[in-house]
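Residues per chain are reported as follows:
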Amino acid sequence: MNVIPRILLAIPCYNEGANISKILQEIKEQETDCDIIVVDDGSSDNTYFVASQFSHCVKLVANLGIGGAVQTALKYALENDYDLFIRIDGDGQHPPSQIHVLIKSYLTSSANLIIGSRFLLIGDFQSTWTRRLGIGVIRSAFKWLFGRKITDLTSGFMLMDRKAIRLFSAEYPQDFPEPISTAFALERGLTVREVPVQMRAREQGSSSIRGIKIFAYMVRVIGYLILIRMGRHI
Amino acid sequence: MEYHPTIQTVIFVTIFLIVYLVALVKNTIKNSIDFYDLILLSSVAVIPSIFVFFPKLVVSLARIVGVEFPFLLLFGSLFFIVFVYLYRLVIKINQHHNRIILLIQEFSLLIEKLQKKKANVPEQKQDE
């Protein structure tokens, strides 16, 4: 007998009052059997008010950053005994129509962590040369350190099973959570897989990592990756 | 190599030692600083006073360590204390940072749980 897994769809967001209703509306239209939780990361706009009209919403009393917000949702998933946890971003980059791709992929061949990758089908994306260089260097460093090629290390669109929920609700990286959590999962013996998904361009605002910040991001991420890899030998 | 502190230096260091240690002890009693911090911070006054009250001991120590001037030993030990103190501070700050994150998360989840419970109460009453 196949038991239908209980799925929690978590949307961490900060000042996404303009986008969040649209995303939640789109999710409803998908008619997925997921419970939704919006984690408002201490927004100063009406994000909480808008989101709570559509779904459960946790408002963090202070801004913790994306890592802290995702970990809150993971704790909620663990406390409420969910089988699967799917994270999508509140800025509209992850189309809700792609949620079923992750679920289908898990049901076909399970893994502890499934990452939705923008680059599996189309290769590299069009962006500034600094951004492409940064991503390329991090990807190469990751492959060298962990022996795995992960094409989209900065993707926040992911699915986690119970084992990953348990691990990450206790310990989730606060800085650069996407690449570091992937490294952390591999280091702890979790199975990690990528599936191709379509993503959209950001609807409002722009990435906080641009210009010279990309190099700082690259150096710090690689530093963390080396530390995680070294952790095995210390 | 001879080195004799002047009477002015002895008086100045003694006054500093007493005033500083009294202030530290008072703060420790008030729980503003812990005992380990008291030891580390008091060394800022205790180390120079050793140099003033026991000059021969310091000259011998400098010879053992291999430094030419005793004051190099003084600054070296003070730098070491400052680094140990900084190291402890960094660890403490990070521990507090992690505790704050945990508290914010647990507190926010608790609020959500209470709100959910509150919203369910009227429904349950109607059912009854």
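These numbers were taken from a predicted model, which means no experiment stands behind them.

### As for the sheet that holds strand β1 (residues 7-13) of chain A
Residue and element names in this part refer to chain A. Pairing is mixed in the open sheet, where seven strands are placed in the order β3-β2-β1-β4-β6-β5-β7. This sheet does not close on itself; its edge strands, each paired only once, are β3 (56-59) and β7 (192-196). Across this sheet, the average inter-strand angle for adjacent strands is 20°, counted without regard to direction. Most of the contacts of helix α3 (residues 66-79) go to β1, to which it runs at about 155°, and overall it touches β1, β2 (34-40), β3, β4 (84-87) and β6 (158-160).

### Quick word on the environment of Gly67(A)
By the secondary structure assignment, Gly67(A) is in helix α3. When sequence neighbours within four positions are dropped, the list of residues in contact with Gly67(A) reads Tyr172(A), Pro173(A), Gln174(A) and Pro177(A).

### Thoughts on the environment of Gly92(A)
By the element assignment, Gly92(A) lies in the loop between β4 and α4 (99-108). Each C-alpha atom, one on Gly92(A) and one on Arg200(A), is 7.2 Å from the other, the two residues being 108 residues apart in sequence.

### Some points on the interface of chain A and chain B
At the junction of the two partners, chain A supplies 17 residues and chain B supplies 13 residues. Summing both sides of the interface, chain A and chain B together bury roughly 1300 Å²; the carbon and sulfur share of this comes to 61%. When the buried surface of chain A facing chain B is broken down by residue, Val61(A), Leu64(A) and Lys75(A) rank first, second and third, together holding 36% of it. Our count for the chain A to chain B interface comes out at two salt bridges. At the boundary of chain A with chain B, the tally comes to nine residue pairs in polar contact (both at pLDDT 80 or more). Those elements that place two or more of their residues in the side of chain A that touches chain B are β3 and α3 of chain A. Among the elements that take part in the side of chain A that touches chain B, α3(A) stands out by supplying six residues, more than any other.

### Some points on the nonpolar core
All names here are of chain A. The biggest cluster of nonpolar side chains holds 48 residues, and the ones touching the most others in it are Phe 85, Met 160, Phe 168 and Leu 225. Leave out the neighbours within four places in its chain, and Leu 225 touches Ile 138, Phe 142, Leu 145, Phe 146, Pro 179, Ile 180 and Ala 183. Core analysis: the second largest hydrophobic core is formed by 27 residues, Leu 9, Ile 86, Ile 103 and Val 197 among them.

### Some points on the confidence of the model for chain B
Looking at chain B as a whole, its pLDDT mean stands at 88, while 92% of the residues score no less than 70. Scored as a whole, the predicted complex attains pTM 0.83, and scored at its interfaces, ipTM 0.85.

### Remarks on the side chain of Asp161(A)
Residue and element names in this part refer to chain A. Relative to the assigned elements, Asp 161 resides in the loop between β6 and α7 (162-170). There is a polar contact of 3.1 Å between the side chain of Asp 161 and the backbone nitrogen of Ala 164. Once residues within four sequence positions are removed from consideration, Asp 161 is found in contact with Asp 83, Leu 84, Tyr 106, Ala 111 and Asn 112.

### Some details on a nonpolar patch on the surface
Side chains of Phe69(B), Phe71(B), Leu72(B), Phe75(B), Phe79(B), Val82(B), Phe83(B), Leu86(B), Leu89(B) and Ile93(B) sit close together on the surface and give an oily, nonpolar patch of about 1000 Å² of accessible area. Tracing the sequence through the fold places Leu86(B) in helix α4 (residues 70-127).

### Comments concerning the packing of aromatic side chains
Inspection of the entire model under this criterion finds eight aromatic pairs over all chains. Where Phe168(A) meets Phe184(A), the ring centres are 6.2 Å apart and the plane angle is 40°; that geometry is what we call tilted. You can see Phe168(A) sitting in helix α7 and its partner Phe184(A) sitting in helix α8 (residues 177-187), a full 16 residues away along the chain. Of the two residues, Phe168(A) and Phe184(A), neither departs from the other in class, the shared state being buried. With centroids separated by 5.3 Å and ring planes inclined at 15°, the aromatic side chains of Phe16(B) and Tyr20(B) adopt a geometry described as stacked. In this pair, Phe16(B) and Tyr20(B) both sit in helix α1 (residues 7-29), four residues apart, roughly one turn of the helix. Ring pairing ties together the aromatic residues Phe168(A), Tyr172(A) and Phe184(A), which thus form one cluster.

### Here we look at the pattern of salt bridges
It is possible for side chains of opposite charge to pair when their charged atoms get near one another. In total, this model carries 16 salt bridges over all chains according to the counting rule given. Between Asp81(A) and Arg162(A) there is a salt bridge, and its shortest N-O distance comes to 3.0 Å. Residue Asp81(A) is found in the loop between α3 and β4, and its partner Arg162(A) is found in helix α7; the two are separated by 81 residues along the sequence. Arg162(A) sits in the partly exposed class, given a relative accessible area of 32%. Between Arg88(B) and Asp37(B) there is a salt bridge, with its nearest N and O atoms 2.9 Å apart. Here Arg88(B), found in helix α4, pairs with Asp37(B), found in helix α2 (residues 35-53); they are 51 residues apart in sequence, far enough to count as distant. A residue is classified by how much of its surface remains accessible, and Asp37(B), at 8% relative accessible area, is buried. Each member of the salt-bridge network shares a partner with another, and the members are Asp34(B), Asp37(B), Arg88(B) and Lys92(B).

What counts and what doesn't
- Residues numbered from 1 in each chain as written.
- Chains lettered and ligands numbered in written order.
- Predicted model: local features only at pLDDT ≥ 70, side-chain atom pairs only at ≥ 80, totals over all residues.
- Heavy atoms only, no water.
- Pairing = 2+ DSSP bridges.
- Helix = DSSP H or I, 4+ residues; strand = E, 2+ residues; numbered from the N terminus.
- Axes fitted to C-alpha atoms, helices over the stretch in contact; angles between N-to-C directions.
- Contact = heavy atoms within 4.5 Å.
- Buried area = accessible area lost by both parts, 1.4 Å probe.
- Salt bridge = Lys/Arg side-chain N within 4 Å of Asp/Glu carboxyl O.
- Polar contact = N/O pair within 3.5 Å; in protein donor to acceptor, adjacent residues only side chain to side chain.
- Core = buried A, V, L, I, M, F, W, Y, C linked by side-chain atoms within 4.5 Å.
- Buried < 20%, exposed > 50% of the residue type's maximum accessible area, 1.4 Å probe, protein only.
- pLDDT = per-residue confidence, 0-100.
- Patch = residues over 30% accessible without salt bridge, like charges linked within 9 Å, V, L, I, M, F, W, Y side chains within 5 Å.
- Areas by Shrake-Rupley, 256 points an atom, 1.4 Å probe, with all protein chains shown as cover.
- Phe/Tyr/Trp six-rings, centres within 6.5 Å; stacked < 30°, edge-to-face > 60°.

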